[in-house]
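Descriptive analysis of the structure
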Amino acid sequence: MTNLLEPPETLLPENEAAQAALDAGTDPALVAAEHPTFSAAWAQLGEAALERGETIAAYAYARTGYHRGLDALRRSGWKGFGPVPWRHRPNQGVLRAVAVLAKAAGAIGETDEFDRCRQLLLDSDPASVEATGLA
């Protein structure tokens with residue numbers, strides 16, 4: 001039984017070429033340059049920057065992936081709320097970008113942004129909070 005008051009799940013379309021390039025180990029900066037709307041490339045750039053301790057670069061990469069992802073979600077019918085399931089791989093790029101943005105925001109003391117991003121993940125799919133290490 002589904003909740004008739006809740007909007008349907010938003011499932012982003014596949015970007016097979018961009019995903020295949022990332023899966024093959026292509027530099028995510030090259031993937032982002034060729035596919036600038038592909039949030040997974042921006043998320044991967046942000047994750048790598050965080051690992052290197054480059055918090056501001058991570059924030060910038062994640063902010064780009066976040067905005068590109070929100071644009072894609074809206075094009076797919078999302079109205080700013082409702083489920084964006086983690087299990088659907090094309091959704092993971094934007095959800096990962098939101099998580100990187102939360103982590104980078106938290107690292108620079110931007111607690112309101114951290115809280116907003118974490119809440120967006122919880123509202124989209126609680127599994128995304130666990131999967132991205134924000135649980």
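Residues numbered from 1 in each chain as written. Predicted model: local features only at pLDDT ≥ 70, side-chain atom pairs only at ≥ 80, totals over all residues. Heavy atoms only, no water.

The protein appears in an unreviewed UniProt entry as DUF3151 domain-containing protein from Saccharopolyspora gregorii.

Take the environment of Ala40 next. Mapped onto the secondary structure, Ala40 falls in helix H3 (residues 39–51). Look at Ala40 and you get buried, because its relative accessible area is 7%. Put simply, Ala40 and Asp23 are 17 residues apart on the chain and 11 Å apart in space, counted from C-alpha to C-alpha. (Helix = DSSP H or I, 4+ residues; strand = E, 2+ residues; numbered from the N terminus. Buried < 20%, exposed > 50% of the residue type's maximum accessible area, 1.4 Å probe, protein only.)

Here the focus is the side chain of Glu113. Note on placement: Glu113 falls in helix H6 (residues 111–124). Other than its neighbours up to four places away in sequence, Glu113 contacts Tyr59, Arg63, Leu101 and Ala105. (Contact = heavy atoms within 4.5 Å.)

Note that Val98 resides in helix H5 (residues 89–107). According to the relative accessible area criterion, Val98 is buried, its value standing at 2%. In sequence terms Val98 and Gly69 are 29 residues apart; their C-alpha atoms lie 9.0 Å from each other.

Bringing the packing of aromatic side chains into the picture now. The final tally for this structure, using the stated rule, is one aromatic pair. Between the aromatic rings of Trp42 and Tyr61, the centroid separation amounts to 6.3 Å while the plane-to-plane angle is 35°, which identifies the pairing as tilted. Here Trp42 is found in helix H3, whereas its partner Tyr61 is found in helix H4 (residues 55–75), with 19 residues between them in sequence. Residue Tyr61 is classed as partly exposed on the basis of its relative accessible area of 27%. (Phe/Tyr/Trp six-rings, centres within 6.5 Å; stacked < 30°, edge-to-face > 60°.)

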